[in-house]
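One-letter residues, chain by chain:
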Amino acid sequence: ATQNIVANLKAFKLNADEAISIVDKFNLVGNRYALNSADIGEGLKRSASSLVAGGNSLDQAVALFTAGEEIIQNPEKMGTALNVLSLRIRGASGELKEMGEEFSDLEEISFSKIREDVKRLSGVDIMIDPTTFKSTYDIMREISYVWDDLKESTAGAELLETLAGKNRANVLAAILSNFRTAERSMITMQNAEGTAYEENQKKIESIEGRVKSLKNS
């Protein structure tokens, strides 16, 4: 748990006194959706750095992970897929090669080609302007609005492979199909402050908590 908190503090450039806000968000989202806080920590430990480079906030990163993890139920696989997704959007073939990922389709193309393909297939522009990417969350949110019309088509399959590669396409499909959960979890996290402390207090005041306290004493 400590490693996960520290990894996310560093990745999202938060101060040490903001650690409890991470705990609050992981805890509340873990309570409300079909995953747990340890899953979130493990997944983001594997993907936080690239998601930050992709312009995502902590809340957006948690939301993306939650949408996919509810279906995939494998935090390691989910975290790696988010890492790959963010890298592919930016055409970072060098980093993908270091990970041992399939990247041959990216060797001869630039992010401008990826931009062109995504726009052709989905109508969504991955850029705000010629030099600024939209966040991964915002790109996925916009694609999710047209995903129902694309998911059974060859355009949908090509879009998944363009963004996530052959090995991670099913994870991206899970995120897009379940994106309403990502949007709901963003709202959930707005009300997360203090929830972990309150829950812990209830635990401490329970019979089990008092017995543990007595043993510790």
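Please refer to the structure higher up on the page.
Residues numbered from 1 in each chain as written. Predicted model: local features only at pLDDT ≥ 70, side-chain atom pairs only at ≥ 80, totals over all residues. Heavy atoms only, no water.

Novice: Whenever I open this one, the pattern of salt bridges confuses me. Can you help?
Specialist: Any two side chains of opposite charge can pair, on the condition that their charged atoms come close. Under the criterion given, the structure shown has 12 salt bridges. Across the pair Lys45 and Glu42 runs a salt bridge, and its minimum N-O distance is 3.5 Å. With Lys45 and Glu42 both in helix α3 (residues 37–53), this residue pair falls three residues apart, about one helical turn. Classification of Lys45 by relative accessible area gives partly exposed; the value is 36%. Note that Lys151 is salt-bridged to Asp148, the shortest N-O span being 3.5 Å. Lys151 sits in the partly exposed class, given a relative accessible area of 40%. In this structure Asp148 comes out as exposed when scored by relative accessible area, which is 59%. When salt bridges with common partners are traced through the structure, they connect Lys113, Asp117, Arg120 and Glu158 into a single cluster. (Salt bridge = Lys/Arg side-chain N within 4 Å of Asp/Glu carboxyl O. Helix = DSSP H or I, 4+ residues; strand = E, 2+ residues; numbered from the N terminus. Buried < 20%, exposed > 50% of the residue type's maximum accessible area, 1.4 Å probe, protein only.)

Novice: Explain empty space enclosed by the protein here, please?
Specialist: Rolled over the atoms, a probe as big as a water molecule pinpoints where empty space is left. Here the structure, examined in full by the defined rule, presents one cavity of 30 Å³ or more. Counted as a void, the largest cavity has a volume near 50 Å³. If you trace the largest cavity, you find it lined by Met78, Ala81, Leu82, Leu85, Ala164, Arg168, Val171, Leu172 and Ile175. Secondary structure elements with two or more residues in the lining of the largest cavity: α5 (75–89) and α10 (169–177). (1 Å grid on protein atoms, 1.4 Å probe; cavity = no way out; pocket = protein on both sides within 12 Å on 5 of 7 lines; lining within 4 Å. Points joined across faces, edges and corners; volume = space filled by probe spheres on them.)

Novice: Help me understand helix α11 (residues 179–190) in this model?
Specialist: In this model α11 runs 18 Å from its N-terminal to its C-terminal C-alpha over 12 residues, within 8% of the 16 Å that 1.5 Å per residue would give. Along α11, the positions that sit buried rather than exposed are Phe179, Thr181, Ala182, Ser185, Met186, Thr188 and Met189. Taken down its axis, α11 places every buried residue within 160° of arc, on the same side. Away from the buried face of α11 by more than 90 degrees, exposed residues Ile187 and Gln190 are located. Taken together, the buried residues of α11 touch α2 (19–32), α4 (58–72), α8 (136–150) and α10. (Expected span 1.5 Å × (residues − 1). Arc of directions from axis to C-beta. Contact = heavy atoms within 4.5 Å.)

Novice: Which parts of the structure should I look at to understand the environment of Ser49?
Specialist: Mapping Ser49 onto the fold places it in helix α3. Spatially, the C-alpha atoms of Ser49 and Lys215 are 40 Å apart, while their sequence positions differ by 166 residues.

Novice: What's the story with unusual backbone geometry in this structure? I'm lost.
Specialist: In terms of backbone geometry, most residues other than glycine have negative phi values and most peptide bonds are trans. Positive phi outside glycine occurs at Lys13, with the angle close to 55°. With respect to the secondary-structure elements, Lys13 resides in the loop between α1 (2–11) and α2. Owing to a relative accessible area of 68%, Lys13 belongs among the exposed residues under this scheme.

Novice: So what exactly am I meant to see when it comes to the packing of aromatic side chains here?
Specialist: Describing an aromatic ring pair means giving the distance of the ring centres and the angle of the ring planes. Enumeration according to the criterion identifies one aromatic pair in this entry. Considering the side-chain rings of Tyr137 and Phe179, the 5.2 Å spacing of their centres and the 45° angle between planes classify their relative orientation as tilted. Separated by 42 residues along the polypeptide, Tyr137 in helix α8 and Phe179 in helix α11 bring together distant segments of the chain. Each member of the pair, Tyr137 as well as Phe179, carries the same accessibility label: buried. (Phe/Tyr/Trp six-rings, centres within 6.5 Å; stacked < 30°, edge-to-face > 60°.)

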